[in-house]
Structures are given as C-alpha cells and as structure tokens.
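# Secondary and tertiary structure notes
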Amino acid sequence: MTLARIENAHLSSPLYYALKRLLVKPAAAATPPLSTAADDGAVVRAAGQSRLFIPAPLLTGETPANVTDGWVLTDNQDAEPTVIALDRTVNQVTYTNTITAAMTYEPHTFTANIFAHSSSSVPPANFKHTELPIPADVNGNPEYNNTGDPLLAANVYGSGVWPKRVYCSGMLFSATGDTGTFYLPSAIGLWHSDDGGQAWSAPSGVAWQNGGGLITDKPSIAVSYHSGTLGYVYVSWTVRDTRSGQGANSQLWVSRSKDGGATFEQPVVVTWDNVNDSALAVDSNTGTVYIVWVNFRFGDIRVAQSIGTSPALAFGAHSIVSSGGLVTFVAGGLRAPTVPMARYNWIANRLMVMWHGVNSQTQGIDIFYSFYPCTSECNTYGWQTVPEAQDKTRDQFQPGFDYDRYGDVVASFYSRRDDSSNILYYEYVTKFHADGTSVTGVNDVRVSWQCSPGVTDCAADPTYSNGNTVDGNFVGDYEDAWIWTYPDGDKLVSSFIRIARDLAKIGDVYVGRTTP
C-alpha cells in the first residue's frame with residue numbers, strides 16, 4: 001500500500017548526527033534465526049486467523065485492578081501508562097503475562113522514573129514492581145536523574161529475532177525544575193525483559209543530546225510481525241529545539257535494531273519542523289513502516305512510510321491525516337495534548353490512527369479515528385476521519401486502541417459524559433468497524449472501579465491534589481490498550497490513571513479488561 005503524498009518543503013539536510021556510545025550494551029548473545037512459522041498463542045496477531053465467527057454483540061467489562069496502590073511507602077503520582085500482554089511457557093507451563101509501565105513521580109525529590117509492573121495472574125493481580133535502571137557514569141553515579149514517556153512493545157511470537165522479548169522505550173534526562181532541563185544531557189533508551197516483565201535490562205542507547213537547548217523527547221516503538229523482519233525493533237523520537245521558540249527547528253528521527261535492541265542502525269531524519277508526538281506502526285503483510293506525528297506549525301497530523309529496496313531505512317514524502325483541532329488542555333485546565341496513536345490492521349488492510357481534539361461540529365473535545373485507505377468522505381490524501389464514542393456531550397480524550405480477530409476496532413479512553421460539570425471522568429471502552437461505522441447492538445461500556453466504602457459514585461477527579469502531588473491536573477499525555485487471547489477469552493486490556501478523591505489518591509495505575 002502506498003500513501004498519497006505531499007512534498008515536504010521543510011525537510012533540510014540534518015546536522016551531523018553520530019551515535020557516540022551505548023548507554024549500557026547488553027552482553028553479546030547469539031540472535032535466534034528468523035522463521036516464518038506462525039506462533040503458538042498469538043491468536044489475534046497471526047496472519048490467516050479464521051474470521052468465520054459472529055462477533056459478540058456486547059462489550060462487557062471487569063472491575064479493574066489497581067496496579068500501584070500499596071507498593072510504595074509514600075503516595076506517589078503516576079502518569080502515562082502503557083500496556084501489553086503475551087504468553088510465556090516455563091517448564092511446560094504457559095503463563096499469560098500482563099505488563100504495564102508508567103512514569104512515577106517521587107514527591108520529595110521531584111524526580112520521575114519509569115516503573116514496570118507485571119502480573120501472571122488471570123485476571124491480572126499481584127503485580128511485581130520493577131524500577132527500570134538508569135546507567136551510571138564513570139564515577140558510579142546515575143548518568144541521569146529522570147526517566148519518562150514509556151511505551152511497551154514485544155515480539156509476541158515464538159520465532160523471529162528474540163522471541164517473547166518485551167521492550168520499553170523511554171527518555172532519560174536530568175530535571176532542574178526550570179528551563180535549565182533543556183540545557184542538560186538527555187537520551188532515548190530501550191530496556192528489555194525476557195521473562196514477561198519480571199526483570200529488566202539496563203537500557204541500550206538509541207540517541208543522545210548534550211543539551212544546549214536540545215532535548216530528546218517522546219519516543220515511540222514498534223516491533224515488526226512481518227515474516228521477513230519478525231522481531232525487528234523500530235524506535236522514533238523528537239529532538240526538541242527550545243532555542244528557536246516553540247520548537248520550530250525540531251527534528252523527527254527513526255532508527256532500527258535487528259538484534260533485539262543490542263545495537264541500532266544510523267538513524268534517519270523524517271522531518272525538520274515544529275513537530276513532536278510520533279507513533280509507529282508496521283504492516284504485518286509487507287513490512288512497511290509507518291510513522292505518524294503532530295506538526296504544530298501547520299496544526300495537523302501527518303504520516304510517512306518507509307520506501308525503497310535499499311537495506312538502509314528511509315522514509316518518503318508526507319501525507320496529511322487530519323487538519324486542525326489540536327489541543328493542549330481540556331476543560332478544567334487538565335493538561336492533555338493531542339497525541340496520536342497508530343496501529344496497522346492487517347485483517348482489514350488499513351493503517352489506523354486515533355487521537356483527541358476539537359470537534360468542529362460541537363466545539364467539544366472528542367476522540368477521532370482516521371484510516372487509510374478511506375471508503376468515503378476522503379481528504380486529498382486518501383484518509384477518512386470519524387469522531388467515535390456514542391456520547392459526545394462532554395470531553396472525551398486520550399484514546400488507546402487495538403483491533404480484534406475480526407478486524408473491528410476496540411478503543412479505551414477517558415470520558416466525562418457522566419459529569420455535568422465536565423471535570424470528573426471514568427474510563428470507557430467503545431467498539432466500531434475498521435471503516436469507522438458502528439457495530440450494531442454494541443454500546444459503550446464504563447470500566448467501573450471500586451469505590452471507597454459508602455461512596456456510590458467515585459469518578460476520577462483530576463483537580464484533586466495533596467502535598468505529594470508533583471504535576472497537578474495531569475494524568476500524562478496518553479493511555480494505552482492491547483488485545484490478547486487470555487485463558488478466559490479475547491480481552492482488550494487497557495492501562496489508565498485514576499485520581500481518586502474518595503481514596504485520597506493523587507494518581508494510580510489501573511489495568512482493566514473488557515471482552516470485545
């Protein structure tokens with residue numbers, strides 16, 4: 001599939017860019033040979049899965065598990081959760097691991113670090129908590145004092161490069177509490193786990209900046225499920241230029257690893273403009289890599305795809321997915337910028353993107369779904385955009401999504417539909433066809449968490465804070481969702497943040513499962 005294109009007049013020759021070193025290079029190990037065999041348990045991922053089923057007519061949800069409550073001595077604020085699930089066989093016993101990661105603030109030092117949380121229970125419970133390590137300098141001191149912006153991906157198959165390996169991309173930086181942060185070194189790192197998220201490696205280095213007004217930001221990750229590149233890891237990131245005002249000279253980069261993240265190829269620049277918030281997706285049918293991002297100068301969401309037959313990674317000209325409607329805040333001052341999420345739906349043969357922004361018809365904040373190739377009401381570049389979720393009366397934001405074994409889309413998101421003041425929110429899940437049309441008989445479902453005793457309505461309140469709150473009125477820039485076949489059936493597992501006034505909690509990670 002070839003995207004319709006626009007010429008990129010703003011792509012300049014990049015400054016000299018060299019990978020100077022690995023943060024910590026994992027011990028050398030033989031890379032398992034590639035194989036085109038289908039996997040043992042990845043029901044919704046394996047090409048050729050039967051579609052001779054009638055989808056279940058109703059979404060049904062479970063009470064979500066509080067992942068982070070009670071595992072630390074202080075009441076910490078969590079943000080930006082990501083989630084994945086996969087099967088792992090140990091001593092002939094197969095476990096389904098549910099893994100989530102999030103950024104956790106330390107209230108007394110005002111630092112933030114990525115913690116991973118892994119459960120082998122069904123439903124997920126009894127999570128093991130692991131702080132992802134920060135590399136040390138030559139004197140044995142941490143090279144950075146913060147990690148953040150985590151995203152998870154995995155080779156879920158039993159073949160390819162490093163089968164069953166789970167990856168977490170993130171940024172490493174040193175915060176100073178003011179704009180001096182941008183004048184200190186920063187990096188993009190990649191951690192991995194080979195035991196279902198129980199233990200994690202030191203990070204491999206993907207990219208570095210020495211500071212001086214430049215900072216590495218907002219990494220994204222995808223693992224290829226194409227037979228010829230199965231297990232290849234792709235990481236994108238932005239080098240934000242804070243010297244030029246509003247990041248006008250920022251750069252968007254992509255690099256590839258063919259050895260499980262031990263080393264990365266020379267990165268390639270995709271664009272050079274006021275850009276950020278990229279998302280990656282790989283076509284399981286062809287191996288084509290897609291990158292989606294926000295262009296703030298033009299106020300739109302853009303996409304490019306890998307091109308050429310050369311072994312070196314390269315990207316072509318840009319297309320516009322959608323124009324206008326970008327936001328930084330939603331009602332009540334909650335910081336929630338427009339951040340796109342992307343998937344390639346091999347069943348429907350569509351590239352899919354979701355985000356939240358202003359609905360031009362209602363002027364409210366809605367979640368949007370766009371797909372390529374379109375079926376009707378296409379823009380110039382072959383994309384069709386549809387506002388989703390059934391209740392559009394109040395703000396709905398930060399969608400995470402995946403597709404089920406029938407090619408239908410299932411999305412989780414924050415919704416304020418139950419609060420007339422448009423402040424409090426619940427987690428909701430919606431389902432629709434890959435062409436954006438509704439699934440007959442399916443209603444949105446609210447993921448109802450457990451309230452404190454005597455409280456009947458305990459919607460999350462992002463305005464609640466206490467003395468341990470580090471970043472007020474903030475749940476992060478995204479939540480995440482993933483569909484997997486658990487022992488008790490196909491489930492959309494979503495990871496999200498609840499700020500619970502009734503429990504005096506300033507932000508905990510929850511994991512909920514919904515039957516699509």
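Keep in mind the model is a prediction, meaning the values are calculated, not measured.

## Details of the pairing of strand 8 (residues 166-173)
The buried fraction of strand 8 is high, at 8 of 8 residues. What you see with strand 8 is no split at all: Val166, Cys168, Gly170 and Leu172 on one side and Tyr167, Ser169, Met171 and Phe173 on the other are buried throughout. When strand 7 (residues 146-154) meets strand 8, the two strands line up antiparallel, connected through 7 bridges. Across the sheet, Thr147 pairs through a bridge with Leu172, a residue of strand 8. In this structure, strand 8 lies alongside strand 9 (residues 186-193), joined through 8 bridges in antiparallel fashion. Within strand 9, the residue paired with Tyr167 across the bridge is His192.

## Some words on the packing of aromatic side chains
Under the defined criterion, the tally for this structure stands at 14 aromatic pairs. Taking 5.2 Å as the distance between ring centres and 80° as the angle between the ring planes, the aromatic pair formed by Tyr157 and Tyr225 counts as edge-to-face. Separated by 68 residues along the polypeptide, Tyr157 in the loop between strand 7 and strand 8 and Tyr225 in the loop between strand 11 (214-223) and strand 12 (233-241) bring together distant segments of the chain. The pair formed by Tyr157 and Tyr225 is uniform in burial state, with each residue classed as buried. Considering the side-chain rings of Phe496 and Tyr510, the 5.9 Å spacing of their centres and the 20° angle between planes classify their relative orientation as stacked.

## Considerations on the sheet that holds strand 23 (residues 365-372)
The sheet built from 4 strands is open, its strands ordered 21-22-23-24 with antiparallel pairing. Two strands in the sheet have a free side with no partner beyond their single neighbour: strand 21 (341-345) and strand 24 (384-387). Pairwise comparison of adjacent strand axes, ignoring direction, gives a mean angle of 25° for this sheet. As judged from the 5 bridges shared by strand 21 and strand 22 (residues 350-358), these two strands associate in the antiparallel manner. Note on strand 22: the bridge partner recorded for Asn345 is Arg350.

## Quick notes on the state of the cysteines
As used here, a disulfide is simply a covalent bond connecting the sulfur atoms of two cysteines. Here the structure, examined in full by the defined rule, presents 2 disulfides. The residue that forms a disulfide with Cys374 is Cys378, at a sulfur-sulfur distance of 2.0 Å. Taking the sign of the S-S torsion, about 105° here, the bridge from Cys374 to Cys378 comes out right-handed. There is a disulfide in this structure between Cys451 and Cys458, and the S-S distance comes to 2.0 Å. Measuring the twist about the S-S bond at about -80°, one finds the Cys451-Cys458 disulfide to be left-handed. The connectivity of the disulfides in the protein is 1-2, 3-4, where the numbers refer to bonded cysteines in sequence order.

The rules we used
Residues numbered from 1 in each chain as written. Predicted model: local features only at pLDDT ≥ 70, side-chain atom pairs only at ≥ 80, totals over all residues. Heavy atoms only, no water. Buried < 20%, exposed > 50% of the residue type's maximum accessible area, 1.4 Å probe, protein only. Helix = DSSP H or I, 4+ residues; strand = E, 2+ residues; numbered from the N terminus. Pairing = 2+ DSSP bridges. Phe/Tyr/Trp six-rings, centres within 6.5 Å; stacked < 30°, edge-to-face > 60°. Axes fitted to C-alpha atoms, helices over the stretch in contact; angles between N-to-C directions. Disulfide = S-S within 2.5 Å.

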